[in-house]
Structure formats: C-alpha cells, structure tokens
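Here are the chains, one letter per residue:
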Amino acid sequence: MRTDGLKLHVLAAAVAGALAPLVVPTGASAQEGAANALLEEVVVTARRREENLQVVPLAVTAFGGAELEARGVEMIANMNAMAPNLSVLGGSGRGIESQAEFRIRGMPGVAVYVDGIDQSNNTGLFTMGVLEVDRIEVLRGPQGTLFGNASLGGAIQYVTRLPDEEFSGRVQMRGGSYDRRDIQATMDVPLSDSFLTKFTFSDLSRDGFMTSLDSGQKYGDINDQFFRADFLFTPTDALSFRYAYDHSEQDRMGGARAVWEIGP
C-alpha cells in the first residue's frame, strides 16, 4: 500500500512539472537573486570600518552571537579549533588556568581586541565568558598595519552588542552536576531616543570534580562573577559616544589535571 501511494505521488508530481510553464532565468539578475537567496550579509570591521564579509580581501572567519550560542560557546576557551588554523590554549605552561595563548597557523603573536580596545595582557582571556556578543572575528595572517606589531600571527576581535533602542531583558539559568548553578541576565534600558543603556550580569558556580590525593582540595571548580554597564549617546546620525564599564572576578582552585604515569 505504501509503495503504490508513493508511485501515485511521484506520477502526479511529474505530470504537474510537465504541464507547468518552463521559465529559465538568464543574465546577471538571476545570478544575483540566487546569491541573495543563499548568502546572508555579514558585516565585519576587519579593516577598521564596517564592510560586507564577502568583499573584504582578508582571510576572515566571523561568528555571530546566535551561532556562538547554538554551538554552546560559553567562554573563549571553547573557540579552540572553531576557525581554521586557530588554537586557543590555557595555562601558557605556567599553571595559570585563565591565561590564554592564541596561535593562528601555528604562529604566536595574536592580538586580541575587545570592542576595539587592545588586550595587552592575556590573563583572564581563556576563561572569559562569551556573553551578549554581537560577533567574534578571527583574522588570519599578519595584521600589523591596522592592529600593531603584536599581530604577527593574526588578530581576534571580540565585539559586544550595542544597547537596544527598545526596553527588553533576558534571563538564562542552567543547572547540572557538581552543584552547577549559572545565571546570566541582561537588560536594555533606553533613557531617550539618543541615550541608550545596557546592563549585563553573570554568576557562574560549580564544585570541583577532581580531588587531590595530597591536600584533599577539589580542582576544576568555577566561581566567576561578571558585570558590565554600557552607555551609548548618539546626539547626531554622524556622531556617537560609547562608554562601557566591566568588572569581573574569578575564584578557582585551578584546572583539574591528573598524572597518568610516573616513569622510572
């Protein structure tokens, strides 16, 4: 019965296709329509100005906030190997879990910018939370012309979302094993048409899951707090002022590491 029904549907579709008028799109308009249907415009600032990603003559990989959330990217450490040739390592060989070491195509010297501000110290970047992010851009290859001599291997731009023109808020909560309790909240409060504000708060906590045989301390715990106040003043269409205040605290025993074997 199912096979016969399938044959009838296929036959009906074939007849309908034969009777339908044949339309063959030609010229540039058909190509442009197909391109617009398949490609969504992605705006990046890889050259210090807003441009469509498709026309930027650089090796750039951009991740939007929705894509990062869908992939479960909660902190910069989760960006490891997401973009081609990108490595994000923690500890830097000195046991500091929050200190990040970035490499692109195996090359060190990767400049990191948060909302256009150079992060000269990588401490805290490895465990830095990805929260209210508009996009993250990964620029491969030397970028010394626009990002300084510290960008021999490339550059990473972390761009947060601007305050919204409408009053809105969002709260996200998670729970899990080892007494995990996460809460993230953001609120957009427009004070006027030209003065917008955004407030973001995050509190992440989890007990350690690996106990030291020597001290009895539990490693792998998380006790992080983060707060951001963002103010945007736009007196004219051609002029805007933005001020952002960030405060973060990280209290961790350290990464959970075990000795696999002790040789002779």
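Draft legend 1. Broad picture of the confidence of the model for the chain. Summarising the model, the chain shows a mean pLDDT of 83, and 83% of its residues fall at 70 or more. Residue range residues 1–28 is modelled with pLDDT below 50. Its contacts to residues more than four positions away, or to other chains, number one contact. Contacts of residues 33–37 to residues separated by more than four positions or lying in other chains number zero contacts, the stretch itself having pLDDT below 50.

Draft legend 2. Layout of empty space enclosed by the protein. Counting across every chain of the model gives one cavity of 30 Å³ or more. Space inside the largest cavity adds up to approximately 100 Å³. Around the largest cavity sit Ile76, Met79, Leu86, Phe102, Val112, Leu125, Met128, Ile136, Ile156 and Tyr158, which together line it. For the lining of the largest cavity, the class distribution of residues is 10 nonpolar, no polar and no charged.

Draft legend 3. Quick peek at the pattern of salt bridges. Applying the stated criterion across every chain, the model contains 20 salt bridges. For Arg180, the salt bridge is made with Glu74, and the minimal N-O distance between the two is 3.3 Å. Here the residue Arg180 occupies a position in strand S11 (residues 180–190), and Glu74 occupies one in the loop between helix H3 (65–70) and strand S4 (86–91), the gap between them amounting to 106 residues. For Arg180, a relative accessible area of 24% puts it in the partly exposed group. Across the pair Arg242 and Asp230 runs a salt bridge whose closest N-O atoms are separated by 2.5 Å. Here Asp230 lies in strand S15 (residues 222–236) and Arg242 lies in strand S16 (residues 239–250), a separation of 12 residues in the sequence.

Draft legend 4. Structural view of the sheet that holds strand S6 (residues 110–114). Strands sit in the order S3-S8-S9-S6-S7 across an open sheet of five strands; the sheet is mixed. The open sheet has two edge strands, strand S3 (59–64) and strand S7 (117–118), and neither has a second partner. Bridge analysis of strand S8 (residues 133–140) against strand S9 (residues 154–160) gives seven bridges, and the strand direction is antiparallel. Its bridge partner being in S9, Arg140 is matched across the sheet by Gly154.

Draft legend 5. Expanded view of a nonpolar patch on the surface. A contiguous nonpolar surface patch, about 480 Å² in accessible area, is contributed by Phe199, Phe201, Phe227, Tyr243 and Tyr245. Residue assignment for the nonpolar patch shows that the elements contributing at least two residues are strand S12 (195–206) and S16. For Tyr243, the position within the fold is in strand S16. Take Tyr243: its relative accessible area is 52%, and that puts it in the exposed class.

Draft legend 6. View of the sheet that holds S12. Pairing in this open sheet of five strands is antiparallel, and the strands run S10-S11-S12-S15-S16 from one edge to the other. If you trace the sheet from one side to the other, it starts and ends with strand S10 (168–176) and S16, each paired once. In this sheet, adjacent strand axes meet at a mean angle of 5° when their direction is disregarded. Inspection of the sheet shows S12 paired to S15 by 12 bridges, in the antiparallel sense. Across the sheet, the residue bridging to Ser205 is Asn223, located in S15.

Cut-offs and rules
Residues numbered from 1 in each chain as written. Predicted model: local features only at pLDDT ≥ 70, side-chain atom pairs only at ≥ 80, totals over all residues. Heavy atoms only, no water. pLDDT = per-residue confidence, 0-100. Contact = heavy atoms within 4.5 Å. 1 Å grid on protein atoms, 1.4 Å probe; cavity = no way out; pocket = protein on both sides within 12 Å on 5 of 7 lines; lining within 4 Å. Points joined across faces, edges and corners; volume = space filled by probe spheres on them. Nonpolar A, V, L, I, M, F, W, Y, C, P; charged D, E, K, R; others polar. Salt bridge = Lys/Arg side-chain N within 4 Å of Asp/Glu carboxyl O. Helix = DSSP H or I, 4+ residues; strand = E, 2+ residues; numbered from the N terminus. Buried < 20%, exposed > 50% of the residue type's maximum accessible area, 1.4 Å probe, protein only. Pairing = 2+ DSSP bridges. Patch = residues over 30% accessible without salt bridge, like charges linked within 9 Å, V, L, I, M, F, W, Y side chains within 5 Å. Areas by Shrake-Rupley, 256 points an atom, 1.4 Å probe, with all protein chains shown as cover. Axes fitted to C-alpha atoms, helices over the stretch in contact; angles between N-to-C directions.

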